[in-house]
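Chain by chain, the residues run as shown.
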Amino acid sequence: MHSLEGSHFSTVRVSADRLSRGRTFFTVLAVYFLVNMGVRVVLPHALELDEGEQAYLSQWLLAGYGTQPPIYNWLQYLAVHLFGMSMPTLSGLKNLLLFGAYGFYFLAARQVLKDKRLAVVAVLGLLTIPQVSFEAQRDLSHTVAAIFGSSLFLFALFRLLSVPTLASFLLFGLATGIGGMTKYNFVLLPLCAMLAVLMESRFRDRVLDWRILLSGLVALLVVAPHAVWLLDNFEAASSRSVDKLISADAGTLAAISRGLRSLLLSSTGFMALTAAVFAISLREKLSTVMRADDDWSRLAGRILAFVMAVLLGMVLFGGVDDVRDRWLTPLLLILPLYLTLKIDAAGIDISMPLKRLWVTAAAIMVIVPLILFGRVAIDPFTRNYGYVNIPFDKLAKQIEPELASDGSDPRPVLIIAADGHLAGNMRFNLPDTTVVVSHQPAGMVTTAISAYRKAVFVWRRSDGTMPDGFQAVFSRYLKTQGLEGLSANQVILRFPYSWGHEGDQYPFAMAVVDLPD
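This one's a predicted model, so the numbers in the text were calculated from it and none came from an experiment.

S.K.: Explain the pairing of strand β2 (residues 434-437) residue by residue, including any values.
M.R.: By the bridge criterion, 4 bridges tie strand β1 (residues 413-417) to β2 in an arrangement that is parallel. The partner of Ile 416 across the bridge, within β2, is Val 436. Since β1 and β2 lie parallel, the crossover through helix α22 (residues 420-429) that links them has a hand, and here it is right-handed.

Set out below in structure tokens:
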């Protein structure tokens, strides 16, 4: 009997050793991301909102593009110009950044854990965060960059605190600058991290070291191109974000109540599944783990506490009444690492908890691509169509003959779309043609129409109902171009939905206008 039990536990430990190997995990993870890429390539090639934005903005390399920092746009511009406009290019960048985020999170964990096998536990924990495992795959871009930026920052922070060399200070500055270029709210993470470090006597000297000034200089150099742009376009770049976060009745009891409720729901939605998975996986040793403590786990816990305190202050005193879970992603990403550090401090046998976490993670890695595929595959039956069902490719084929060169006039053709999502899809399907939006994103210069011989106007209603008339949609744009009197014969085009129910169609409107010399 004892020999059988000993054999069983020996087998569990051997299995745990295999499961805790970084090579094993990252091989599985690479396959997982390749599967997600494959699913996106198989699905209809109409773009989601963020995909459309990236396709549209990849036409230009600018210091700023609107309401978000530009690093994802820069990377997308580089990818498109290196590999061409395609679904693998769009999806590949996203999955490469996510893979890199998991990699740096793994390195951050290994930097501070006594039991290096636990690094895989920390990274498995990322899969239990819905905003990281599912929402990032469904349709996010800047938040994906922020996930990468936060992981890189945590690695650089823990590297600096454990090995305070000049290279570590420079890396910390680089990581802080890159993070600041992913999403504006990222700046709260370094702030909260520094406050937490100052409270821990073991690490305080790192922040007070003169070399931290070099970190600041490197960070400033990284953000400088965009910072200069932001100074000139601050109101345009911030107005939309402020409108999302702060309502007209900011400061009232009703607004504060909404804000507190929003913060509670969003933070719970972000952390609940991760906390539950860890609790179930550690069920026999949960009380021991929760009581365990050391310098690193206290530091991570204080970072989380400061983040929540700052968010609470923004609700109570800053007028913020709409806290969204994706906005929390770069700030609370440290949660799985914090829980792993508690396990490390407890010094428990991780064999069974690791196997349970792997089972959960494996289930998530199967479920996510199935949901991504299934939610579109069932559309012919539910007739509840999403963005990827809209037949943008068929509209592009209708436009294509209008792009043929005219020997008498060498000027190119311009496509003018009424909204950014439509513009991005036109650019995706017609990558050699300039596409603009009638209302350019904040801070971007309007393209002069006079450089083109023909303009193709396209518009629709996003809900699939009949489009409005040409003048109702484009009158303001025509006025800015000095073409107030321009008239056009519009045509309504109806195309079947991609992967849609037979007979269901989506209407677009199009007007082709020859422009004067």
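S.K.: For the sheet that holds β2, give the residues involved together with the corresponding values.
M.R.: Reading across the sheet, the 5 strands line up as β2-β1-β3-β5-β4 and stay open at both edges, with mixed pairing between neighbours. The open sheet has two edge strands with one neighbour each: β2 and β4 (491-496). Taken over all neighbouring pairs, the strand axes of this sheet differ in orientation by 30° on average, direction set aside. Alignment of β1 against strand β3 (residues 454-459), held across 5 bridges, turns out to be parallel. If you follow Ile 415 over to β3, its bridge partner there is Val 456. Here helix α21 (residues 392-399) sits on the sheet and contacts β1, β3, β4 and β5 (505-514); the angle it forms with β4, its principal contact strand, is near 135°. Helix-sheet contacts for helix α23 (residues 470-480) involve β1, β2, β3 and β5, and the interaxial angle to β3 is about 130°.

S.K.: Explain the nonpolar core to me, using residue names and the numbers behind them.
M.R.: If you look at the biggest cluster of nonpolar residues, it comprises 103 residues, and the most contacted ones within it are Phe 25, Tyr 102, Leu 124, Leu 157, Phe 158, Leu 299 and Ile 343. Broken down by element, this core gets its largest block of residues, 13 residues, from helix α8 (residues 142-162). With near-sequence residues (within four places) excluded, Phe 158 lies in contact with Ala 108, Gln 111, Val 112, Trp 296, Leu 299, Ile 334 and Leu 337. Ranked by size, the runner-up nonpolar core spans 47 residues in total, among them Tyr 385, Ala 396, Trp 459 and Leu 515.

S.K.: Tell me about the side chain of Asn 185, and please be specific about residues and values.
M.R.: With respect to the element layout, Asn 185 can be found in the loop between α9 (166-180) and α10 (188-198). For Asn 185, the side chain forms a polar contact with the main-chain oxygen of Trp 327, separated by 2.6 Å. Excluding its chain neighbours within four sequence positions, the residues that come into contact with Asn 185 are Trp 327, Pro 330 and Leu 331.

S.K.: Please set out empty space enclosed by the protein residue by residue, giving values where relevant.
M.R.: Tallied over the full model, the rule gives 1 cavity of 30 Å³ or more. As a volume, the largest cavity reaches approximately 200 Å³. For the lining of the largest cavity, the secondary structure elements donating two or more residues are α2 (22-42), α3 (49-57), α4 (71-83), α5 (87-112), α7 (130-139) and α19 (351-377). No other element matches α5, which puts 4 residues into the lining of the largest cavity. Class assignment of the residues belonging to the lining of the largest cavity gives a composition of 8 nonpolar, 7 polar and 7 charged.

S.K.: Hey, could you go over the pattern of salt bridges for me, with residue numbers and the actual values?
M.R.: In total, this model carries 19 salt bridges according to the counting rule given. For Glu 200, the salt bridge is made with Arg 298, and the minimal N-O distance between the two is 3.1 Å. Here Glu 200 is found in the loop between α10 and α11 (201-208), whereas its partner Arg 298 is found in helix α16 (residues 295-317), with 98 residues between them in sequence. A salt bridge links Arg 324 to Asp 322, with the shortest nitrogen-to-oxygen separation between them at 3.2 Å. Under the relative-accessibility criterion, Arg 324 is labelled partly exposed at 39%. One salt-bridge network, held together by shared partners, links Glu 200, Arg 202, Asp 293, Asp 295, Arg 298 and Arg 302.

Reading the values: the criteria
Residues numbered from 1 in each chain as written. Predicted model: local features only at pLDDT ≥ 70, side-chain atom pairs only at ≥ 80, totals over all residues. Heavy atoms only, no water. Pairing = 2+ DSSP bridges. Helix = DSSP H or I, 4+ residues; strand = E, 2+ residues; numbered from the N terminus. Right-handed = clockwise from strand over helix to strand, strands pointing away. Axes fitted to C-alpha atoms, helices over the stretch in contact; angles between N-to-C directions. Contact = heavy atoms within 4.5 Å. Core = buried A, V, L, I, M, F, W, Y, C linked by side-chain atoms within 4.5 Å. Buried < 20%, exposed > 50% of the residue type's maximum accessible area, 1.4 Å probe, protein only. Polar contact = N/O pair within 3.5 Å; in protein donor to acceptor, adjacent residues only side chain to side chain. 1 Å grid on protein atoms, 1.4 Å probe; cavity = no way out; pocket = protein on both sides within 12 Å on 5 of 7 lines; lining within 4 Å. Points joined across faces, edges and corners; volume = space filled by probe spheres on them. Nonpolar A, V, L, I, M, F, W, Y, C, P; charged D, E, K, R; others polar. Salt bridge = Lys/Arg side-chain N within 4 Å of Asp/Glu carboxyl O.

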